[in-house]
Amino acid sequence: FFLLLLCWMMQDVFASVVGVEWSFGSSVEDVVRTTVDAVKGFVVKHPFVAAFTIGTLAATAWYATTPPVYYDFNKICGDFNDSNLEEDPYYFNREDFKWVPKVESQWKIIKEELDEYLANQELLPYLAGNLMSKKQCWKVLGLKFWGLDHAENQRHFPKTMAIMNEIPDLSLVVFSQIEAGTAITPHRGDTNANVRCHMGLVIPGTLPEAGFKVGDQEKSWGEGEILMFCDAHRHTAYNYTDKTRIIIQFDFIRPKYRHTRTLISARILASICTQKIMLHVLPSIRGRKLPLRIIYYSLIPFLFIPILTQIGSKQLFDFFLDNSKRNEKQ
């Protein structure tokens, strides 16, 4: 689309240059002066198109200088290098983030709000049933999802969100519960651009009964303690105790990707939406990279609007997480 627009924009320029009587003997100064005059004329004639084109070129040049980001969308957007642990470690160091002690010191406030909620309602089964060792053993409640706020859910947790919003570049907040004697199937997350955090609210045991594994490294952690890891690596959680395990899961964009945080969220949401289209609307495009890429990249700019303005964020939130269907089943 951009190339077609650029060609259309330049047609007047080319016509002006070609229409001038110069030959191979013409001076470089004459050619440059004629071209500059033609460009100026086009800008005056089509100011909005010129501004859009110049802005797009500038944004493309800027984006080309940013560190590459991995997106796990059926490997359409690149592969993840598991072995580069210096760049993408299994676990991140909590001491590298100054806000961690303050958040950890308020974990009981978060747990109290969750207890009040659970006294009247249950969490919802996670949408990916194939990731559970037992049907509906993994339940969640989303408050924020890749930049989209769920205002209705957040109203039940004003203190929790006040605490979470102190975390720089916050992109996701979810309560997560795993039933006793169950596990989450090993899987990869959406991207390496975020740091995924699990803060324990109810941790019924330690290794080897209950813990977390990223790559070949296993860890356990306690209530009020934050575990940080790279979601792009293959990982799993398990709870083989006789009690339920509950955490609050939240993501923040890694500092080196901070300047593209909205784009990252838009790309993740676009990938989820594209997969829904592939599964439920156009199953014939499964495995066909070209139509998938066209749909995927076409959706990205439109998703900037709800992320930046929160217009329609609840409806999109429910669509991405299938909340409406799961609410009907409860």
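Up top is the structure these notes are about.
Heads up: these notes are all about the structure in this document. Bear in mind the structure is a predicted one, so any value in this text is a computation, not a measurement. (Residues numbered from 1 in each chain as written. Predicted model: local features only at pLDDT ≥ 70, side-chain atom pairs only at ≥ 80, totals over all residues. Heavy atoms only, no water.)

### Brief notes about the side chain of Ser176
Reasoning step 1: Within the element layout of this structure, Ser176 appears in strand β4 (residues 170–178).
Reasoning step 2: Overall, the relative accessible area of 2% leaves Ser176 in the buried class.
Reasoning step 3: Not counting residues up to four positions away in its chain, the partners in contact with Ser176 are Trp138, Lys139, Val140, Arg245, Ile246 and Ile247. (Helix = DSSP H or I, 4+ residues; strand = E, 2+ residues; numbered from the N terminus. Buried < 20%, exposed > 50% of the residue type's maximum accessible area, 1.4 Å probe, protein only. Contact = heavy atoms within 4.5 Å.)

### Structural notes on the sheet that holds strand β8 (residues 217–219)
Reasoning step 1: With antiparallel pairing, 4 strands are arranged side by side in an open sheet as β5-β10-β7-β8. Strands at the two margins of the open sheet, each flanked by one partner only, are β5 (182–183) and β8.
Reasoning step 2: Here strand β7 (residues 210–214) pairs with β8 via 3 bridges, running antiparallel. What sits directly across from Phe212, in β8, is Lys219. (Pairing = 2+ DSSP bridges.)

### Side note on the nonpolar core
Reasoning step 1: Grouped together as the largest cluster of nonpolar side chains are 41 residues, with contacts concentrated most on Tyr91, Trp138, Phe145, Trp146, Phe212, Leu269 and Phe320.
Reasoning step 2: Mapped onto this core, the elements with two or more residues apiece are β2 (138–145), β4, β7, β9 (226–229), β11 (245–253), α8 (261–281), α9 (289–309) and α10 (313–321).
Reasoning step 3: Looking at this core element by element, the count peaks at 8 residues for α8.
Reasoning step 4: Apart from residues no more than four positions distant in its own chain, Phe145 is found in contact with Ser171, Leu172, Leu269, Ile272, Phe317, Phe320 and Leu321.
Reasoning step 5: Counting residues in each nonpolar core, the second largest holds 33 residues, with Val103, Met161, Met228 and Ile248 among its members. (Core = buried A, V, L, I, M, F, W, Y, C linked by side-chain atoms within 4.5 Å.)

### Considerations on α9
Reasoning step 1: Relative to the 30 Å expected for 21 residues at 1.5 Å per residue, α9 spans 31 Å between its end C-alpha atoms, a close match to the ideal helical length.
Reasoning step 2: Taken as a whole, α9 carries its principal kink of about 35° at Pro301.
Reasoning step 3: All of the buried residues along α9 are Leu292, Ile295, Tyr296, Ile300, Leu303, Pro306 and Ile307.
Reasoning step 4: Taken from the residues just after α9, Gln310 is the one with a positive phi, measuring 65°. (Expected span 1.5 Å × (residues − 1). Bend = angle between axes of the 7 residues up to and from the residue.)

### Overview of the pattern of salt bridges
Reasoning step 1: For the structure shown, the criterion picks out 15 salt bridges.
Reasoning step 2: Residue Asp82 pairs with Arg188 through a salt bridge whose shortest N-O separation is 2.7 Å. Of this pair, Asp82 sits in the loop between α3 (47–64) and α4 (100–104) while Arg188 sits in the loop between β5 and β6 (194–202), and the two are 106 residues apart along the sequence.
Reasoning step 3: Owing to a relative accessible area of 30%, Asp82 belongs among the partly exposed residues under this scheme.
Reasoning step 4: Classification of Arg188 as partly exposed rests on a relative accessible area of 26%.
Reasoning step 5: As a salt-bridge pair, Glu87 and Lys256 come within 1.6 Å of each other at their nearest N and O atoms. (Salt bridge = Lys/Arg side-chain N within 4 Å of Asp/Glu carboxyl O.)

### Here we look at the packing of aromatic side chains
Reasoning step 1: If you walk through the whole model with that rule in mind, you get 12 aromatic pairs.
Reasoning step 2: Three or more aromatic residues joined by ring pairs form one cluster here, namely Phe97, Trp99, Phe250 and Phe252.
Reasoning step 3: The ring centre of Tyr91 lies 4.4 Å from the NZ or CZ of Lys219, which sits over that ring.
Reasoning step 4: The residue whose ring lies beneath Lys276 is Phe319, and the NZ or CZ to ring-centre distance is 5.2 Å. (Phe/Tyr/Trp six-rings, centres within 6.5 Å; stacked < 30°, edge-to-face > 60°. Lys NZ or Arg CZ within 6 Å of the ring centre and 35° of its normal.)

### Brief notes about the environment of Ile272
Reasoning step 1: Along the chain, Ile272 turns up in helix α8.
Reasoning step 2: Expressed as a C-alpha distance, the spacing of Ile272 and Phe320, which sit 48 residues apart in the sequence, is 6.9 Å.
Reasoning step 3: Setting aside residues no more than four positions away along its own chain, Ile272 makes contact with Phe145 and Phe320.

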